[in-house]
Structures are given as structure tokens and as C-alpha cells.
Amino acid sequence: MATFVLIHGAYQGGWIWSPVVTRLQDAGHRVLAPSLDGCAERSSQVRPGITTETHAEEIAELLRYEDLTDVVLVGTSSGGMVLARVAELARERIQRLVFADALALFNGEKIRDIVMGAAATDTEVSTGPPPGSMLDTLKASMDPDLAAWAADRFGLHPVAAFNQPVVLDSFWEQSWDTTVIWCRQAPNPGEAHQRRCAEKLGASWHELDTGHYPMLSTPDELTNLILGG
């Protein structure tokens with residue numbers, strides 16, 4: 001039995017991993033897929049000061065309080081930034097890293113340096129797509145009923161994660177057992193960005209012919225890669 005901690009991306013919550021969680025648990029593994037501070041069912045807690053680093057500190061503390069070791073840490077989209085900082089903070093607890101169509105920023109970079117285009121909904125503390133606007137994007141790569149279920153759950157994300165430079169003191173200088181998965185149909189974060197990550201870390205490289213949400217559109221294939229297949 002292995003332990004998997006799944007980190008969601010922007011506008012999402014732990015809910016997005018549900019198909020993968022089910023498959024991993026059916027295979028006998030322990031799985032945690034928390035919603036990050038200010039996201040999904042925790043959106044009422046959003047406030048200034050929530051950053052990539054505070055999200056990472058939260059996950060690192062989760063690993064500590066749950067006494068988790070030999071963890072396979074999986075991140076998607078902006079969750080890749082959180083993953084990198086968690087790995088740095090909890091090095092002794094990490095077995096392997098999986099970037100699933102994920103952002104992997106160098107120290108001092110910002111999401112806005114990599115992903116262009118402003119979100120349609122912005123507040124002082126949150127940013128994201130307007131309600132319901134994700135439906136067409138999701139329908140392009142998955143069953144309409146599943147797309148509708150997911151679109152109804154997308155929300156806002158703490159804005160500092162987009163606007164503030166990431167802090168990674170030593171992540172890129174360390175050696176990690178890493179898997180990088182690029183989704184060919186996703187415009188962001190894109191192949192070049194993810195190949196940079198794979199090359200820097202000496203990671204194994206995999207491709208899925210789907211959009212940016214493989215945990216929904218191709219959960220069997222993604223689960224197999226997360227398991228090291």
C-alpha cells in the first residue's frame with residue numbers, strides 16, 4: 001500500500017480528484033485529496049494573505065499530523081507550484097513527485113509570467129472564471145453529464161497565487177524521483193513549460209491525448225501513470 005496526496009489546481013477543490021481517488025483506493029492505497037485554503041467548500045474562508053506558500057505550509061502540516069511518509073505527491077495545474085514547495089518543506093516524507101499537466105515555476109516566477117490572459121472575474125482576494133463558463137471547455141474532452149457536474153463546482157482561487165512570485169529556496173537543486181505528464185490538448189501550461197520541468201529534474205515523461213483535466217477525462221490512464229505505470 002502506498003500513500004498518495006493529490007493537490008488540485010486553480011478554481012478547483014479536492015472534489016476534482018474523485019475519479020482518481022476511487023481508483024487508487026480500490027487498488028488498496030491510502031489517498032488524501034484536500035481542498036486548499038479559500039477554495040471549493042472552503043471558499044468562505046478566502047482572505048488576503050493566502051499564497052502558494054501558505055497552501056504548501058498547510059499541506060506540509062497535513063503530512064506531519066497524519067504521520068505520512070513515503071508519500072507520492074501529485075499536483076495539477078497551479079497545484080504543481082504548491083507541490084514543489086511542499087516537497088521542499090517536507091523532504092523526508094516524500095517518495096515521488098507527479099506533475100500532471102502542472103505548473104512548475106522557478107524561484108521568483110509568477111503564474112502571469114507563464115499563463116497569459118486575465119481571468120474574467122476578479123476581486124481583491126480572488127480570481128477565476130465566471131460561473132458556468134467552464135462548461136464548453138470541459139465538454140470538449142469528456143461526457144456532457146460529467147462536464148456539467150464539474151463546471152458547477154469550479155469557483156474562484158486566492159489571487160495572490162497568481163500575482164506573487166513563488167518562493168522555492170532549494171527545490172530545483174535537489175534530486176527527486178519525478179514523473180511529468182503533459183496533456184496534448186491543453187493550451188496551458190503547455191509543452192515547453194512542462195519539458196523544462198522534466199529536463200531540469202531528469203523526470204520520466206508521459207503524454208495524454210486529452211485536455212487540462214485528465215483526472216476527469218482519462219482517469220484510468222492518469223491513475224496508471226500516478227501508480228508509476
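Here, the structure is the one placed above.
Residues numbered from 1 in each chain as written. Predicted model: local features only at pLDDT ≥ 70, side-chain atom pairs only at ≥ 80, totals over all residues. Heavy atoms only, no water.

Peer 1: Looking at this model, I keep getting lost on the nonpolar core. Mind explaining?
Peer 2: Most often, soluble globular proteins have nonpolar side chains that are buried together. One finds Trp-17, Phe-99 and Phe-171 to be the most contacted residues of the largest nonpolar core, which totals 72 residues. Apart from residues lying up to four places away in sequence, Phe-171 is in contact with Ala-84, Ala-87, Glu-88, Leu-97, Phe-99, Trp-176 and Leu-201. (Core = buried A, V, L, I, M, F, W, Y, C linked by side-chain atoms within 4.5 Å. Buried < 20%, exposed > 50% of the residue type's maximum accessible area, 1.4 Å probe, protein only. Contact = heavy atoms within 4.5 Å.)

Peer 1: What is the right way to read unusual backbone geometry from this model?
Peer 2: Leaving glycine out, the prevailing phi sign among residues is negative, and the prevailing peptide bond configuration is trans. The residue after Asn-188, namely Pro-189, is reached through a cis peptide bond having omega 0°. With respect to the helices and strands, Pro-189 occurs in the loop between strand S8 (178–183) and helix H8 (191–201). Within the chain, Asp-67 stands out as a residue other than glycine whose phi angle is a positive 55°. Within the secondary structure, Asp-67 is located in the loop between helix H2 (52–65) and strand S3 (71–77). (Helix = DSSP H or I, 4+ residues; strand = E, 2+ residues; numbered from the N terminus.)

Peer 1: What is the right way to read the sheet that holds strand S5 (residues 121–122) from this model?
Peer 2: Picture the strands of a sheet paired through backbone hydrogen bonds; they go either parallel or antiparallel. In spatial order, the strands read S5-S6-S7; together these three strands make up an open sheet with antiparallel pairing. Of all the strands in the sheet, the pair left with one neighbour each is S5 and strand S7 (157–158). Summarising the sheet, S5 and strand S6 (residues 126–128) pair through two bridges and their orientation is antiparallel. Within S6, the position partnered with Thr-121 by the bridge is Gly-128. (Pairing = 2+ DSSP bridges.)

Peer 1: Which parts of the structure should I look at to understand the environment of Gly-28?
Peer 2: By the secondary structure assignment, Gly-28 is in the loop between helix H1 (18–26) and strand S2 (30–32). For Gly-28, a relative accessible area of 37% puts it in the partly exposed group. Measuring from C-alpha to C-alpha, the distance between Gly-28 and Ile-111 comes to 36 Å, with 83 residues separating the pair along the chain.

Peer 1: Can you walk me through the pairing of S8 in this structure?
Peer 2: Both faces of the sheet carry side chains from a regular strand, because those side chains alternate between them. Counting buried positions along S8 yields six of six residues, so the element is predominantly enclosed. Here S8 shows no split at all, with Thr-178, Val-180 and Trp-182 on one side and Thr-179, Ile-181 and Cys-183 on the other all buried. Where strand S4 (residues 94–102) and S8 come together, four bridges link them in parallel fashion. Counterpart to Ala-100 in the pairing with S8 is Ile-181. Bridge analysis of S8 against strand S9 (residues 204–208) gives five bridges, and the strand direction is parallel. Within S9, the position partnered with Ile-181 by the bridge is His-206. With H8 bridging S8 and the parallel S9, this β-α-β connection has right-handed handedness. (Right-handed = clockwise from strand over helix to strand, strands pointing away.)

Peer 1: So what exactly am I meant to see when it comes to the packing of H2 against helix H3 (residues 79–89) here?
Peer 2: The angle between the axes and the distance between the axes are what describe a pair of packed helices. Following both chains from N to C, one finds H2 and H3 inclined at 50°, their axes separated by 8 Å at the closest point. The angle between the axes of H2 and H3 places the two elements in the oblique class. When the axes of H2 and H3 are compared, the crossing they make is right-handed. Of H3, the residues touching H2 (which contributes Thr-52, Glu-53, His-55, Ala-56, Glu-57, Ile-59, Ala-60 and Leu-63) are Met-81, Val-82, Arg-85, Val-86 and Leu-89. For the contact of H2 with H3, the residue count by class is eight nonpolar, two polar and three charged. (Axes fitted to C-alpha atoms, helices over the stretch in contact; angles between N-to-C directions. Parallel < 35°, antiparallel > 145°, perpendicular 65-115°, else oblique. Left-handed = near helix turned anticlockwise from the far one by under 90°. Nonpolar A, V, L, I, M, F, W, Y, C, P; charged D, E, K, R; others polar.)

Peer 1: Whenever I open this one, the sheet that holds S2 confuses me. Can you help?
Peer 2: Read from one edge of the open sheet, six strands run S2-S1-S3-S4-S8-S9, paired in parallel fashion. Either end of the sheet is taken by a strand with one partner, and the two such strands are S2 and S9. With direction set aside, neighbouring strand axes in the sheet form an average angle of 20°. Relative to strand S1 (residues 3–7), H1 is tilted by about 180°, and along the sheet it contacts S1 and S2.

Peer 1: Explain the packing of H1 against helix H10 (residues 219–226) to me, please; I cannot follow it from the model alone.
Peer 2: Interaxial distance between H1 and H10 falls to 9 Å at its minimum, and their mutual angle equals 55°. What the angle tells us is that H1 and H10 run oblique. Judged by the twist between their axes, the crossing of H1 over H10 is right-handed. Residues Pro-19, Val-20, Arg-23 and Leu-24 of H1 lie in contact with H10, whose contacting residues are Pro-219, Asp-220, Leu-222, Thr-223 and Ile-226. The residue inventory of the contact of H1 with H10, partitioned by class, reads six nonpolar, one polar and two charged.

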